[in-house]
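Coordinate analysis (summary)
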Amino acid sequence: KQTLAKAENLDQAIKLMTQNPLEGGYNFLVGDGKIPSAVAIEMNAKRAYVGSWNSPAESNSYWNWFKKYEYHPLEGLIVRTNHPLSKEIIKDYPIPIWLGRNSTGWRYFDLRKRLEKEYGKLDLIRMMEIMRQHYQGMCSPPDYKDCSPTIYQAVFAPKSGDFLISFAYGNPREQGRYKTSAYNQPYHHYNLFELLNRSP
């Protein structure tokens, strides 16, 4: 929230988000539509990594819990789930990245495959649809017990200010996490610049 309120460009956003003390383990994708450019920021409580689509993490390889993972760059495409790609951060990662369809490893490669399939043709609506299909793909019918819940889903176009957002709705104890999660709810279209110019 501080970055959104204070940063005026990508460099300022990176500086704000990577200054000590770091707050814990997160992965962020941060973009500046005016340049245009974007970076991945990976961090844990000890250190932070910042890189664009052609930085070292995007062409990295490493072993994690007896399994080798390889990453290959594609111009302009940056993808992250919960696990880091960089050598700097992965060495502190405490758990296996691949433990089935809800794990970060499965999620990363599934999401990347979906994005690569439509590389060069992505727009706001298609991005939302891909995110929804990705989350729905983690579920096991017919009972959908292993579904990953989502409170909200959003995709944002920094240059135009357009974004789509959906929210979870209903009681998951009665309907189940699959039905109530945001990826199964209607999404709404807004424009950030229009909202900022509105009177309260």
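An account of the accompanying structure is given in this report. (Residues numbered from 1 in each chain as written. Predicted model: local features only at pLDDT ≥ 70, side-chain atom pairs only at ≥ 80, totals over all residues. Heavy atoms only, no water.)

1. Observations concerning the overall build of the chain
Cut-off, in case you're wondering: Strands are runs of DSSP state E lasting at least two residues, helices are runs of H or I lasting at least four, and both sets are numbered from the N terminus onward. Our radius of gyration is a C-alpha quantity, and the globule rule it is checked against amounts to 2.2 Å times the number of residues to the power 0.38. Exposure is judged per residue with a 1.4 Å probe applied to protein chains only, and the accessible area is read against the type maximum: over 50% gives exposed, under 20% gives buried, and values in between give partly exposed. Throughout, a contact is declared for two residues whenever any of their heavy atoms are within 4.5 Å. For the area figures, the Shrake-Rupley method with a 1.4 Å probe applies, and any residue is considered shielded solely by the protein chains shown. For the charge count, each Lys or Arg is scored as positive and each Asp or Glu as negative, with His and the chain ends excluded. Note on charges: their place is set at NZ of Lys, CZ of Arg, CG of Asp or CD of Glu.
Per the secondary structure count, the chain includes eight helices and eight strands. Taking 200 residues into account, the globule formula puts the C-alpha radius of gyration at 16 Å, and the chain, at 18 Å, falls close to it. The C-alpha extent of the chain, read off along each of the three principal axes, is 50 × 45 × 35 Å. Burial statistics for the chain: of 200 residues in total, 39% are counted as buried. For the chain, the share of sequence-separated contacts (at least 6 apart) that also reach a separation of at least 24 residues comes to 52%. With an accessible surface of roughly 12,700 Å², the chain has 54% of that area assigned to carbon and sulfur atoms. For the chain, the distance from the average site of its 26 positive side-chain charges to the average site of its 20 negative ones is 5 Å.

2. Quick word on the pattern of salt bridges
Where we set the bar: When a carboxyl oxygen of Asp or Glu is within 4 Å of a side-chain nitrogen of Lys or Arg, the pair counts as a salt bridge.
A complete count under the given rule lists ten salt bridges for this structure. Note that Arg 80 is salt-bridged to Glu 58, the shortest N-O span being 2.7 Å. With a gap of 22 residues between them, Arg 80 in the loop between strand S5 (67-70) and helix H3 (87-90) and Glu 58 in the loop between strand S3 (48-51) and strand S4 (61-64) connect regions that are remote in the sequence. One exposure class covers both Arg 80 and Glu 58, and it is buried. When the shortest N-O distance is used, the salt bridge between Glu 116 and Arg 112 registers 2.8 Å. Placement of both Glu 116 and Arg 112 in helix H4 (residues 104-117) is noted, with a separation of four residues, approximately one turn of the helix. For Arg 112, a relative accessible area of 6% gives the class buried.

3. Thoughts on the nonpolar core
Stated formally: Here, nonpolar core means buried Ala, Val, Leu, Ile, Met, Phe, Trp, Tyr and Cys residues that are tied together by side-chain atoms lying within 4.5 Å of each other.
Residues Tyr 62, Tyr 71, Val 79, Ile 97 and Leu 115 are the most contacted members of the largest nonpolar core, which totals 16 residues. Only H3 and H4 provide two or more residues apiece to this core. Top element by residues in this core is H4. It accounts for three residues. Sequence-distant contacts of Val 79, that is, excluding residues within four places in its chain, are made with Tyr 108, Leu 111, Arg 112 and Leu 115. In terms of nonpolar packing, the next biggest core, distinct from the first, is built from nine residues, Ile 14, Leu 22, Val 39 and Met 43 among them.

4. Let's talk about the sheet that holds strand S8 (residues 188-191)
The cut-off we apply is this: Pairing between two strands requires that DSSP report at least two bridges joining them. Throughout, an axis means a line fitted to C-alpha atoms (over the contacting stretch in the case of helices), and angles, computed between N-to-C directions, take values from 0 to 180 degrees.
Read across the sheet, three strands follow the order S6-S7-S8 without closing on themselves; strand pairing throughout is antiparallel. Sheet topology places strand S6 (152-156) and S8 at the edges, where each strand pairs with a single neighbour. Along the sheet, successive strands turn relative to each other by an average axial angle of 20 degrees, direction set aside. By the bridge criterion, four bridges tie strand S7 (residues 162-167) to S8 in an arrangement that is antiparallel. Looking at the pairing, Ile 165 lines up with His 188 of S8.

5. Some points on the environment of Arg 47
Tracing the backbone through its elements, the reader meets Arg 47 in the loop between strand S2 (37-43) and S3. Taking the relative accessible area as the measure of exposure, Arg 47 reaches 28% and is therefore partly exposed. Placed 41 residues apart in sequence, Arg 47 and Glu 88 show a C-alpha to C-alpha distance of 7.8 Å. With near-sequence residues (within four places) excluded, Arg 47 lies in contact with Leu 22, Glu 42, Glu 88, Ile 89, Lys 91 and Asp 92.

6. Examining the state of the cysteines
Rule in force here: Two cysteine sulfurs form what is called a disulfide whenever their separation falls within 2.5 Å.
By the definition in use, this model includes one disulfide. Across a sulfur-sulfur distance of 2.2 Å, Cys 139 and Cys 147 are joined as a disulfide pair. Cys 147 sits in the buried class, given a relative accessible area of 1%.

7. Regarding unusual backbone geometry
Peptide bonds are trans in most cases, and residues, glycine excluded, mostly fall at negative phi. Cis geometry marks the peptide bond from Asn 20 to Pro 21, where omega comes out at 0 degrees. Relative to the elements of secondary structure, Pro 21 occurs in the loop between helix H2 (10-18) and strand S1 (26-32). Pro 36 follows Ile 35 through a cis peptide bond whose omega is -15 degrees. In this fold, Pro 36 is placed in the loop between S1 and S2.

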